[in-house]
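Here's the letter readout for the chains.
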Amino acid sequence: MSRRRSTPWIHRWSRLLIAAIAILGALVTGYLTVVKLTGGSAACPTSGCDQVLSSPYASIFGFPLTLFGLLAYLSMVAFALAPMAVNPVENKDLHSQLDHWTWLLLFAGGTAMTVFSGYLMYLLAFEIKAACLYCLASAFFSLSLLVLTLIGRAWEDWGQLFFTGIIVGMVALVSTLGVYATVKSPVASGDGSAGSQTFPITTVSSSAEVALAKHLEAVGAKMYGAFWCSHCHDQKQLFGKEAFSQINYIECADPKAPQQQAEICQKAGIQSYPSWEVNGKLVEPGVKSLEKLADLSSYTGPRNFQNSLPGL
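Being a predicted model, the structure only gives us computed values, none of them experimental. (Residues numbered from 1 in each chain as written. Predicted model: local features only at pLDDT ≥ 70, side-chain atom pairs only at ≥ 80, totals over all residues. Heavy atoms only, no water.)

Colleague: Help me out: how do you make sense of unusual backbone geometry in this one?
Modeller: Most peptide bonds take the trans form, and the phi angle of most residues other than glycine is negative. Here the bond from Tyr-273 into Pro-274 is cis, since omega is -10 degrees, no more than 30 degrees from zero. Here the phi dihedral of Asn-279 falls at roughly 55 degrees; this positive angle occurs in a residue that is not glycine. Of note, Asn-279 is situated in the loop between strand E5 (275–278) and strand E6 (281–282). The backbone of Ser-298 shows a phi angle near 60 degrees, a positive value even though the residue is not glycine. Here Ser-298 is to be found in the segment after helix H11 (290–296). (Helix = DSSP H or I, 4+ residues; strand = E, 2+ residues; numbered from the N terminus.)

Colleague: What is the right way to read the pattern of salt bridges from this model?
Modeller: Note that side chains of opposite charge can pair when their charged atoms are close. According to the stated counting rule, one finds three salt bridges in the structure shown. For Asp-99, the salt bridge identified is with Arg-15, shortest N-O distance 3.2 Å. With Asp-99 in helix H4 (residues 92–128) and Arg-15 in helix H1 (residues 9–38), this pair connects stretches of sequence that are 84 residues apart. Of the residues examined, Asp-99 reaches a relative accessible area of 23% and is grouped as partly exposed. Linking Arg-303 and Glu-291 is a salt bridge whose minimum nitrogen-to-oxygen distance equals 2.9 Å. (Salt bridge = Lys/Arg side-chain N within 4 Å of Asp/Glu carboxyl O. Buried < 20%, exposed > 50% of the residue type's maximum accessible area, 1.4 Å probe, protein only.)

Colleague: Explanation requested: the nonpolar core in the structure shown.
Modeller: Nonpolar side chains in soluble globular proteins tend to end up buried together. One finds Tyr-134 and Leu-145 to be the most contacted residues of the largest nonpolar core, which totals 41 residues. Among the elements of the structure, H1, helix H2 (48–53), helix H3 (65–81), H4 and helix H5 (133–151) are those that each provide at least two residues to this core. For this core, the leading source of residues is H1, giving nine residues. Apart from the residues lying within four places of it in its own chain, the contact partners of Tyr-134 are Val-28, Tyr-31, Leu-32, Ala-42, Ala-43, Cys-44 and Cys-49. Grouped together as the second largest cluster of nonpolar side chains are 33 residues, Cys-232, Ile-247, Cys-252 and Val-283 included. (Core = buried A, V, L, I, M, F, W, Y, C linked by side-chain atoms within 4.5 Å. Contact = heavy atoms within 4.5 Å.)

Rendered as structure tokens:
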């Protein structure tokens, strides 16, 4: 009699391992989604995490990129655990179909997430130029999910699987490049910052915003920012186009800006954007309400500011 070949341990545990890794990914992206939506600062040993979250690459169709990552990880959890909800003895056919199709979905999802994460790593290294531990962890999770789908079961037709992976990967890459095409071609802002390119300021300034801006200029206050920083744009929106033209704005990242501006940022020790310097001291980085800036600069003029942001 021939002995029945035992099932490799990785085949027995692969779905649970996939679910566990996807849950870790969901926790990371869920946390970053909350930070992004609340405008807070991520708990990170480097400033790179906040730099990434404030970049224009951190949003897709007006929603946080991390929200889509959260949904992707939750989908992988569902695909991994779905067959376990069906009794293989009582519903053999249903269990078999679920097992087959969810493995294909896991492979497609793992491939798409790995391709997308690979492109994000490119942006991290060459465009944003920041170190984000959460981003690196998510990329590792995505790659791990793909590897586990490949080794987690006995695939019958590797040629067909390879062909499917090529198609899914190409669709994911083309879609990613299409989504970020507009980010790679920013619009001239006309906000008075030399050489900067960013989203245009669309809000209108009231006399109160203009008065505060003139006061900040008079006391030597400075705002440090980057052309790609969405939080910097939020700060500009609070002032409005007319008022922000009065602000002493230092562009730290735009290669088209005068070189001395980048040098000023380096000498000031700027690590996150936006950052304010008031009365010769750096204020904790982040978007500041006009009321806060008024208090910090001892402003005594009108405070009937018309522009605001949720949470400020």
